[in-house]
Amino acid sequence: MADDQQEEVSKKVSAEEEIRRGITVMRRVVQGRSRGIILDVSWNNQGQLIEPNGHTLTSFIGALVRNEIPITCDDWRNKELNESKEKIWSEIKRCFNIEEERRGFCMKLAGKLLRGFHTFLSSKFLKDADGNFVDAELPKKYESLISAEEWEAFKSKRQDPVFQRISATNRERASSPAYPYRKGRVGYGRLEQSMLQKEESSETSLPAHVLWKEARVGKSGVPQEEVLHVYQECEVLSQSLSPDDTKGILSQALDVPEYSGRVRGKGFGVTPTSLSVKKGKAPSNRELHARLEAMQAELDALRREREASASTVYRDASDKNSINCTFQPNIQEGISHCQLYLSSPYYRMVGKGKVHNVSGVLLHTRELPAGCLKVSVDIAVEPNAALPYPSDDSDATTVHEAVGSFVAWPTNLICVGYETPTKSKSKENEVSNASAQQKKEVSNASARVKSSGAKKTVARKKPTTKYRSCLKTFLEMTDIPTGGVQNVHMEVGIFGFDYDQMIGNEDFMQVFGHEEIGVNVVNTYIRFLYDKLMRPNDLDESFGFLAPATVNLGLILSRPHTVTEYVLRILMDNKDAEKLFFIPFNTGGHWLLLAINPIREIVYYLDSLGNDWTTYPDMKVLIDTVLQAFRAQRDIQTSRRDANCITWIKVACPQQHNQIDCGYFMLRFMRDTLALGRLVIPTDACLASKTGFRACLAGFYKGVAELVLMQTLPDSYKS
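Predicted, not measured: the structure shown is a model, and the values here were computed from it. (Residues numbered from 1 in each chain as written. Predicted model: local features only at pLDDT ≥ 70, side-chain atom pairs only at ≥ 80, totals over all residues. Heavy atoms only, no water.)

Considerations on the overall build of the protein chain
In terms of regular secondary structure, the protein chain is built from 26 helices and 16 strands. Relative to its 719 residues, the protein chain shows a buried fraction of 45%. Considering only contacts within the protein chain whose residues lie at least 6 apart along the sequence, 66% involve residues at least 24 apart. As presented, the protein chain carries roughly 37,800 Å² of accessible surface, and 49% of it is formed by carbon and sulfur atoms. (Helix = DSSP H or I, 4+ residues; strand = E, 2+ residues; numbered from the N terminus. Buried < 20%, exposed > 50% of the residue type's maximum accessible area, 1.4 Å probe, protein only. Contact = heavy atoms within 4.5 Å. Areas by Shrake-Rupley, 256 points an atom, 1.4 Å probe, with all protein chains shown as cover.)

As C-alpha cells, then:
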C-alpha cells in the first residue's frame, strides 16, 4: 500500500514538473522583436557561434525546428523540407542580425538539433531504465507540436529492426568514451572564447589539443591522467612538426580513425575547409557574390553621379559609327543626320536616317513613346532588323520596311551625324605631306636596298599600294560610294555570337583618309586575323576576342550588367583551358588594348598614349569584378589577402605621335602578340616598335581585300 502511494505521489510530481517546465518557445526573443529589438550574433574566426547571444540563437533554432519540422522526418536533406527551412531562416533573420552567408551553418545546426530532439523523445518516453522499448502515449507536453498520427509513426519507426540495429551500433560506439566531454552545452566555440577572455589573450584561436584537454576537465578542475598524457604527447609533437601539420597533432596523439569533414578538438561548425580559410584561403562563393553585388552598386552609384554632373561628354572613336553613341551630347533641336542602333541581341548599327528633334512633334497624329524621338529611315544597314517600335499605320516591322517613313526610336540608340566630314585644307595638306614623306622614305629605302643587293625587302612595301588600288577599284564598281554596304560574316567562334558585320563607304574613307577608325574597321581586321593567323596555326585554342561593340567604357557606365554577363559567359565557355582574350577597348575617344588571361588572373594593358589603367577606374573595377566572379564560379579558393589581387601589367608598347593613330596601333598590338604565339606578353617594348601607321594600314588593306572584296573582283585585279 505504501509503495502504491509513493508511486502515485511520484507520478504527480513528474506531471507537475512537466507542466511547470513547459515547451521552450523563446518568448523573450519574439517579444523583443515586437519592440524593435534585433539581437546581434557573434562568430569566431572559424565560423562558430559565440557569445553574446550564441546560446540564445541555438535555443531559438531548436524551438523553430520543433514547431516547423515533423518528427517523422528522418532525412534533413529531403527537398520536401525546403519550404519549412526557408521559413526557419526567415524567422531567424527577423529576430537576429545575421548575414546571409551564415545560412549554411544555421541549417546544419537545425538538422543537428532535430536529431537531438528525436533522441530525446526516444530515450525519455520510449525506453525504460534498461533501454527496452515501451509503448508510451503521446506526452501531453508536446501535444501542441506532435499529432497522434505522427507519434504513432515515430514509434513504429523506432521499432523497425533495421533502425534498431543501426541504433545499437551507434550506441555501442558512443558508450563508455575513453575521454568523455565534460562541458555540457557550452561547446568548443564558447569554451575557446571564455578561455581567451580569461587569459586576456590577443590570440583569436587556440590549438585543438589545448581545447580538447580543457573540454575534459570536470567540476574538480583537475583533468584525468589519461587526458594529461594525450595533451603532453601533443605538446611534444607540436615541437617536431611544421605549422602546416598542426591540425593533425591531436589525431596522431590519439591514434584513432577520423571521420570525413571532422576536425577533432574544434567542435561543431569547424571543417577542414573552414580551417583552410582561416589559414589564408578565399571567402566562400556566397561572400564573393555579396562583394560583387556591393561593387555593382558602387558602379551604379558612380554612373548616376557622373551622368548628373558630367560637364563633358564622351565622343566616339570615329565620330560616325562607334558603339558609344549613347554618350552623344543632347541632340540639338531641328533635323540632323543620324545613325540608328539596336542593343539586342547585340549592339550594332541597323540603319541611317534623320532625327526630328522638334518641339511638339507627333508621330502619325500620336504622341511619341517616352524616351523616343521621331526619325525618318533613309538607309537599311541591317534590313531584317526589327524596329524597336513597329509602325501601326504603315505595318512596318523591320528597318527595310520602314525606309522612307517615320518611326519612333529610343533616344539612347540614336547617334547624331554620320556623313563623312569634309576635309579642311590643313588636313588635306597634312595627308598630302604624309604621302609625300611616305614616297620619299620608300624611294630612300629602295636606293639602300639596291646598293646592298637585298632586293626582296623592297617587295614587302608593295602590298600597301596593290591592295589599296584593288580596294579603290572595287569601290568604283559597287554601290558602296552611294550608301551601299558589304557584309563581313562574323562567325560565332570570334565574339561568341554569329552575325554579319556591315562595312560601308565611310569605313573605307576612314582608312584611305587616315582618319580615326571605328568599330566596323576594327571588327573587319579582327576577322582577317582570325582567318589568316589564328585558325591556320591553331591559335584559336590559345587566343580569343571580345567584341569591342559590347565591351567599352560607354556601356560599362550605362549598362554594366550587360558587359559583365557577356564577358563572364565567354570566359566560362573557355574555362577548361588557359587562353588569352583580346579586348579592343574604346574609352569614348581613344582605342587601347586589354589582353586578359583569366586562369592566371592577369590583365595586360597596352596603350599607345602611355597612360595606365588608373586613367579609367570604371574599366578596371568591372574587369576585376568579372575575374572574381569567374574564380568563384570555378570554385577556386584563394587567400583573403589575395582575393582582390588581380595582376595588371602595363606593357611598354610603341607610342603614337598624333591624335588619330590609336586604332591602328591597337590593331598592330593584337597582330604582333598573335605572331609571338605566347600567352605571356613581354613587358619591355618587344612588340614591333618600328611599325606604326603604314604597317597597320597595309594590314587592313590586305585583310579586307582577301576577306571580302577579292572574292568579287575580276581575275585581272586579283593578279
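Once you've had a look at it, read on.
Quick look at the confidence of the model for the protein chain
Confidence in the prediction of the protein chain, expressed as mean pLDDT, is 75, and 74% of residues score 70 or more. Within the model, pLDDT remains below 50 along residues 5-20, and this stretch shows three contacts once partners closer than five positions in the same chain are excluded. (pLDDT = per-residue confidence, 0-100.)

Section: the packing of aromatic side chains
Taken as a whole and assessed by the stated rule, the structure comprises 19 aromatic pairs. Geometrically, the ring pair formed by phenylalanine 120 and phenylalanine 125 is edge-to-face, given 6.0 Å between the ring centres and 85° between the ring planes. Residue classification places phenylalanine 120 among the partly exposed positions, given a relative accessible area of 34%. Between phenylalanine 497 and tyrosine 566, the aromatic rings sit 6.0 Å apart at their centres with planes inclined by 55°, giving tilted as the arrangement. One end of the pair, phenylalanine 497, is in the loop between α18 (492-495) and β11 (499-504); the other, tyrosine 566, is in helix α22 (residues 560-573), and 69 residues separate them in sequence. Judged by its relative accessible area of 16%, phenylalanine 497 falls in the buried class. (Phe/Tyr/Trp six-rings, centres within 6.5 Å; stacked < 30°, edge-to-face > 60°.)

Focus: empty space enclosed by the protein
Counted under the stated rule, the structure contains two cavities of 30 Å³ or more. Considering only enclosed or pocket space, the second largest cavity measures out at about 30 Å³ in volume. Met349, Lys352, Val381, Val485, Met502, Ile503, Gly504, Glu506, Asp507 and Asn520 together form the lining of the second largest cavity. For the lining of the second largest cavity, the elements supplying multiple residues, two or more each, are β6 (348-357), β11 and α19 (505-512). (1 Å grid on protein atoms, 1.4 Å probe; cavity = no way out; pocket = protein on both sides within 12 Å on 5 of 7 lines; lining within 4 Å. Points joined across faces, edges and corners; volume = space filled by probe spheres on them.)

A closer look at the sheet that holds strand β16 (residues 647-650)
In space, the five strands of this open sheet follow the order β12-β13-β14-β15-β16, with mixed pairing throughout. Whereas interior strands pair on both sides, the edge strands pair on one side only; in this sheet they are β12 (543-545) and β16. Within this sheet the neighbouring strands show an average axis-to-axis angle of 25°, counted without direction. One ladder, built from three bridges, connects β12 with strand β13 (residues 580-586); its direction is parallel. From the neighbouring strand, phenylalanine 545 faces β13, where its bridge partner is phenylalanine 582. Packing of helix α23 (residues 617-633) onto the sheet brings it into contact with β13, β14 (591-597), β15 (602-606) and β16, and relative to β14 it is tilted by some 20°. (Pairing = 2+ DSSP bridges. Axes fitted to C-alpha atoms, helices over the stretch in contact; angles between N-to-C directions.)

Here's the deal with the pattern of salt bridges
Here the structure, examined in full by the defined rule, presents 22 salt bridges. Among the ionic pairs, arginine 190 bridges to glutamate 51, the shortest N-O distance being 3.5 Å. Of the two residues, arginine 190 is situated in helix α8 (residues 187-199) and glutamate 51 in the loop between β3 (49-50) and α3 (54-68); the sequence distance between them amounts to 139 residues. Relative accessible area serves as the criterion here: at 14%, arginine 190 is assigned to the buried category. A salt bridge links glutamate 601 to arginine 631; its shortest N-O distance comes to 2.8 Å. (Salt bridge = Lys/Arg side-chain N within 4 Å of Asp/Glu carboxyl O.)

Overview of α3
Over its 15 residues, α3 runs 21 Å from end to end, which matches the ideal 21 Å to within 8%, given 1.5 Å per residue. The element α3 is extensively covered by neighbouring structure, given that twelve of its 15 residues are classed as buried. Taken as a whole, α3 has its buried residues at Gly54, Thr56, Leu57, Thr58, Ser59, Phe60, Ile61, Gly62, Ala63, Leu64, Val65 and Arg66. (Expected span 1.5 Å × (residues − 1).)

With respect to the sheet that holds strand β9 (residues 414-416)
Ordered in space as β8-β7-β6-β5-β9, the five strands form an open sheet in which the pairing is antiparallel. Every other strand in the sheet has two partners, leaving β8 (406-410) and β9 as the edge strands with one partner each. The sheet shows a mean angle of 45° between the axes of neighbouring strands, taken without regard to direction. Both strand β7 (residues 372-380) and β8 contribute to a ladder of five bridges, which runs antiparallel. Across the sheet, residue cysteine 372 finds its bridge partner in β8, namely proline 410.

Here's the deal with α19
Among the eight residues that make up α19, seven are buried, leaving the element largely enclosed by the rest of the structure. Of all the positions in α19, only Asn505, Glu506, Asp507, Phe508, Gln510, Val511 and Phe512 are classed as buried. Of the residues trailing α19, histidine 514 is marked for its positive phi of about 50°.

Things to note about the environment of valine 621
Examined against the element boundaries, valine 621 turns out to sit in helix α23. A relative accessible area of 33% means that valine 621 is categorised as partly exposed. A sequence separation of 326 residues divides valine 621 from methionine 295, and the C-alpha atoms of the two residues are 7.9 Å apart.

Considering unusual backbone geometry
Along the chain, glutamate 51 connects to proline 52 via a cis peptide bond; the corresponding omega equals 5°. Inspection of the secondary structure assignment puts proline 52 in the loop between β3 and α3. At glutamate 601, a position not held by glycine, the phi torsion is positive, near 55°. Its location among the elements puts glutamate 601 in the loop between β14 and β15. Exposure remark for glutamate 601: the relative accessible area of 14% places this residue in the buried category.

Quick word on the environment of glycine 184
The topology assignment puts glycine 184 in the loop between α7 (161-174) and α8. Separated by 31 residues in the primary sequence, glycine 184 and alanine 215 have C-alpha atoms spaced 9.2 Å apart.

Notes on the pairing of strand β10 (residues 485-490)
Along β10, the buried face is formed by Gln486, Val488 and Met490; none of Val485, Asn487 and His489, which line the opposite face, is buried. Here six bridges tie β10 to β11, and the two strands are oriented antiparallel to one another. Bridging from a neighbouring strand, methionine 490 pairs with tyrosine 499 of β11.

Focus on the packing of α3 against helix α4 (residues 82-95)
It is at 10 Å that the axes of α3 and α4 come closest, and there the two elements cross at 145°. Crossing angle aside, the handedness with which α3 passes α4 is right-handed. Residues Leu57, Phe60, Ile61, Leu64, Val65 and Glu68 of α3 form the contact with α4, whose participating residues are Ser84, Lys87, Ile88, Glu91, Ile92 and Cys95. Of the residues assigned to the contact of α3 with α4, the class counts are eight nonpolar, one polar and three charged. (Left-handed = near helix turned anticlockwise from the far one by under 90°. Nonpolar A, V, L, I, M, F, W, Y, C, P; charged D, E, K, R; others polar.)

Brief notes about the packing of α22 against α23
Between α22 and α23, the shortest axis-to-axis distance is 10 Å and the interhelical angle comes to 45°. Between α22 and α23, the angle falls in the class oblique. Crossing of α22 over α23 shows right-handed handedness. On α23, the residues that touch Pro560, Val563, Thr564, Val567, Leu568, Leu571 and Met572 of α22 are Leu622, Val626, Leu627, Ala629, Phe630 and Gln633. (Parallel < 35°, antiparallel > 145°, perpendicular 65-115°, else oblique.)

Structural notes on the nonpolar core
If you look at the biggest cluster of nonpolar residues, it comprises 105 residues, and the most contacted ones within it are Trp409, Phe495, Phe545, Leu594, Met619 and Ile623. Among the elements that line this core, the one with the most residues is helix α20 (residues 519-534), at nine residues. Counting 28 residues, the second-largest nonpolar core is a separate cluster that includes Val29, Trp76, Phe105 and Ala110. (Core = buried A, V, L, I, M, F, W, Y, C linked by side-chain atoms within 4.5 Å.)

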